[in-house]
Amino acid sequence: LKTIMGRTDQKQWYQRRVRGYQDVRADDNETKYLMLTYSEDNSVIGVHKTGCDYSEVLTELGGEDGGQLRAYIYLRVVTGDEMSKRHKFVLLTWIGPEVPALKKAKMSLEKTQVKALVNNYAVEIQSSDLEEMALDSLIRRVHDE
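Given the structure is predicted, the values throughout are model-derived calculations rather than measurements. (Residues numbered from 1 in each chain as written. Predicted model: local features only at pLDDT ≥ 70, side-chain atom pairs only at ≥ 80, totals over all residues. Heavy atoms only, no water.)

Trainee: It is not clear to me how the pattern of salt bridges should be interpreted in this structure. Could you clarify?
Mentor: Opposite charge on two side chains makes pairing possible when the charged atoms of those side chains draw close. Enumeration over the complete set of coordinates arrives at three salt bridges. In this structure, Glu124 and Lys111 form a salt bridge, with 3.0 Å as the shortest nitrogen-oxygen distance. A residue pair is termed long-range when its members are at least 10 positions apart, and Glu124 in strand β5 (residues 123-127) and Lys111 in helix α3 (residues 101-117) qualify at 13 residues. Residue class for Glu124 comes out partly exposed when judged on its relative accessible area of 31%. Of the charged contacts, one joins Lys115 and Glu124 as a salt bridge, the two residues approaching to 3.1 Å between their closest N and O atoms. By relative accessible area, which is 32% here, Lys115 ends up partly exposed. Here the salt bridges share partners, and the residues they tie into one network are Lys111, Lys115 and Glu124. (Salt bridge = Lys/Arg side-chain N within 4 Å of Asp/Glu carboxyl O. Helix = DSSP H or I, 4+ residues; strand = E, 2+ residues; numbered from the N terminus. Buried < 20%, exposed > 50% of the residue type's maximum accessible area, 1.4 Å probe, protein only.)

Trainee: Is there a simple way to explain the environment of Tyr74 in this structure?
Mentor: Tracing the sequence through the fold places Tyr74 in strand β3 (residues 70-79). Judged by its relative accessible area of 1%, Tyr74 is buried. In this structure, the C-alpha to C-alpha distance between Tyr74 and Glu60, residues 14 residues apart in sequence, is 15 Å. In this structure Tyr74 touches Tyr21, Val24, Arg25, Lys32, Tyr33, Leu34, Phe89, Val90, Val118, Asn120 and Tyr121, once residues within four positions along its chain are discounted. Within polar-contact distance, the side chain of Tyr74 engages the backbone oxygen of Asn120 at 2.5 Å. (Contact = heavy atoms within 4.5 Å. Polar contact = N/O pair within 3.5 Å; in protein donor to acceptor, adjacent residues only side chain to side chain.)

Trainee: Mind showing me how you'd approach the sheet that holds strand β2 (residues 45-51) here?
Mentor: What holds strands together in a sheet is hydrogen bonding between their backbones, with the strands either parallel or antiparallel. Taken together, five strands build an open sheet; the order of strands is β2-β1-β3-β4-β5 and the sheet is mixed. Every interior strand has two partners, whereas the edge strands, β2 and β5, have only one. For this sheet the average axis-to-axis angle between neighbouring strands, irrespective of direction, equals 20°. Where strand β1 (residues 33-38) lies against β2, six bridges are found, and the strand directions are antiparallel. (Pairing = 2+ DSSP bridges. Axes fitted to C-alpha atoms, helices over the stretch in contact; angles between N-to-C directions.)

Trainee: Would you explain helix α5 (residues 135-144) in this entry?
Mentor: Along α5, the residues classified as buried are Ser137, Leu138 and Val142. Along the axis of α5, the buried residues cluster in a sector spanning 135°; they form a single face. Across α5 from its buried face, at more than 90 degrees, point the exposed residues Asp136, Arg140, His143 and Asp144. On its buried face, α5 is in contact with β3, β4 (86-95), β5 and α4 (130-133). (Arc of directions from axis to C-beta.)

Quick look at the structure:
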């Protein structure tokens, strides 16, 4: 991505991404997801939000702007049974169905920046289908891996 920010701004954006990733990974933190999106001028991939309730992400993806949204979501899910619960991590790439072809193509190149930060996950999923992004569907995919 091109960079038009000053060094201080870049450092703050980077630190927010790292902190969000660490929060999702930490067992003692309630944060379950990190959602990264593009800045308005498409120059930076930054933290859009973090949170505990993944349904907030699904609401946004299915909302008014979801069709044009490009996002990367790092999600912690719990797998296993009552005797052996484990945290697993999923890297989701959302490309809204209305995203122009050129922006879709650029995402495959720009995803390397995201993978440099979010480098520990069991499953990677790219979709523009909300059903594929549903939590139950994701847990099944993680379980099948």
